[in-house]
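# Descriptive structure summary
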Amino acid sequence: STMHTTLTISGTHCPSCKALIEEVSMEQPGVTACTVDSATGKTVIEHDSPLDRAQLQHAISEVGEYTIEPQHS
(Lines give C-alpha, C1' and ligand atoms only; values in the text may rest on other atoms or scores of the structure.)
Protein backbone atom coordinates (compact mmCIF):
# COMPACT_ATOMS: atom_id res chain seq x y z
CA SER A 1 0.00 0.00 0.00
CA THR A 2 1.24 3.46 -0.85
CA MET A 3 1.63 5.96 1.96
CA HIS A 4 1.97 9.70 1.55
CA THR A 5 4.03 11.92 3.81
CA THR A 6 3.90 15.69 3.46
CA LEU A 7 6.94 17.55 4.75
CA THR A 8 8.11 21.12 4.56
CA ILE A 9 11.78 21.42 3.65
CA SER A 10 13.37 24.78 4.29
CA GLY A 11 16.16 25.99 2.04
CA THR A 12 14.42 25.27 -1.26
CA HIS A 13 14.43 28.37 -3.44
CA CYS A 14 14.80 27.32 -7.03
CA PRO A 15 14.16 24.58 -9.58
CA SER A 16 17.59 23.07 -9.02
CA CYS A 17 16.89 22.70 -5.28
CA LYS A 18 13.62 21.02 -6.18
CA ALA A 19 15.34 18.61 -8.56
CA LEU A 20 18.10 17.82 -6.10
CA ILE A 21 15.74 17.06 -3.20
CA GLU A 22 13.47 14.97 -5.42
CA GLU A 23 16.48 12.99 -6.67
CA VAL A 24 17.86 12.37 -3.17
CA SER A 25 14.43 11.47 -1.81
CA MET A 26 13.86 8.95 -4.57
CA GLU A 27 17.07 7.19 -3.53
CA GLN A 28 15.66 6.46 -0.07
CA PRO A 29 14.40 2.94 0.67
CA GLY A 30 10.72 2.50 -0.11
CA VAL A 31 10.25 5.90 -1.74
CA THR A 32 8.31 5.66 -5.01
CA ALA A 33 7.70 9.33 -5.79
CA CYS A 34 8.61 12.78 -4.54
CA THR A 35 7.24 16.17 -5.51
CA VAL A 36 8.73 19.39 -4.16
CA ASP A 37 7.19 22.85 -4.51
CA SER A 38 10.33 24.97 -4.80
CA ALA A 39 8.45 28.14 -3.81
CA THR A 40 7.12 26.84 -0.48
CA GLY A 41 9.29 23.82 0.26
CA LYS A 42 6.18 21.66 0.57
CA THR A 43 7.29 18.14 -0.26
CA VAL A 44 5.00 15.19 -0.85
CA ILE A 45 6.68 11.81 -0.66
CA GLU A 46 5.00 8.58 -1.71
CA HIS A 47 6.47 5.48 -0.12
CA ASP A 48 5.52 1.85 0.32
CA SER A 49 7.47 1.25 3.52
CA PRO A 50 7.84 3.55 6.55
CA LEU A 51 9.78 6.72 5.80
CA ASP A 52 12.96 7.16 7.83
CA ARG A 53 12.84 10.91 8.42
CA ALA A 54 16.23 10.97 10.14
CA GLN A 55 17.83 9.21 7.19
CA LEU A 56 16.12 11.56 4.74
CA GLN A 57 17.27 14.61 6.73
CA HIS A 58 20.81 13.27 6.71
CA ALA A 59 20.66 12.67 2.96
CA ILE A 60 19.32 16.12 2.06
CA SER A 61 21.73 17.89 4.40
CA GLU A 62 24.60 16.21 2.56
CA VAL A 63 23.62 18.01 -0.66
CA GLY A 64 22.69 21.45 0.67
CA GLU A 65 21.39 23.65 3.47
CA TYR A 66 18.07 21.85 3.66
CA THR A 67 16.11 21.08 6.80
CA ILE A 68 12.90 19.16 7.32
CA GLU A 69 10.69 21.46 9.36
CA PRO A 70 9.09 20.05 12.53
CA GLN A 71 5.54 18.85 11.97
CA HIS A 72 2.82 20.93 13.60
CA SER A 73 0.16 18.25 13.85
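Residues numbered from 1 in each chain as written. Predicted model: local features only at pLDDT ≥ 70, side-chain atom pairs only at ≥ 80, totals over all residues. Heavy atoms only, no water.

## Comments concerning the nonpolar core
Across soluble globular proteins, nonpolar side chains have a tendency to be buried as a group. Basically, it comes down to this: The definition of a nonpolar core used throughout is a set of buried Ala, Val, Leu, Ile, Met, Phe, Trp, Tyr and Cys residues joined through side-chain atoms within 4.5 Å. Remark: exposure states derive from per-residue accessible area (1.4 Å probe, protein chains only) relative to the maximum for the residue type, with buried under 20%, exposed over 50%, and partly exposed in between. The numbering of helices and of strands both runs from the N terminus, where a helix is a DSSP run of H or I of at least 4 residues and a strand a run of E of at least 2. Here, two residues are considered to be in contact whenever any of their heavy atoms come within 4.5 Å of each other.
Within the largest apolar cluster, 15 residues are counted, with the highest numbers of intra-cluster contacts made by I45, L56 and I60. Elements with a minimum of two residues in this core: β1 (3–10), α1 (15–26), β2 (31–36) and α2 (53–63). Here I45 is in contact with M3, H4, T5, L7, S25, V31, A33, C34, L51 and L56, once residues within four sequence places are set aside.

## Examining the state of the cysteines
Spelled out, the test is: To count as a disulfide, a pair of cysteine sulfur atoms needs to be within 2.5 Å.
By the definition in use, this model includes 0 disulfides. Free cysteine: C34, not disulfide-bonded; nearest cysteine sulfur from C17 at 13 Å.

## Re the pairing of β2
On any regular strand, side chains alternate: one points to one face of the sheet, the next to the other face. Rules: By this definition, two strands are paired if DSSP reports at least two bridges between them.
In this sheet, strand β3 (residues 42–47) lies alongside β2 in antiparallel orientation, the contact comprising 5 bridges. Note that in β3 the partner of V36 across the bridge is T43. Hairpin connection of β2 to β3: 5 residues between the antiparallel strands, including G41 at a positive phi of 80 degrees.

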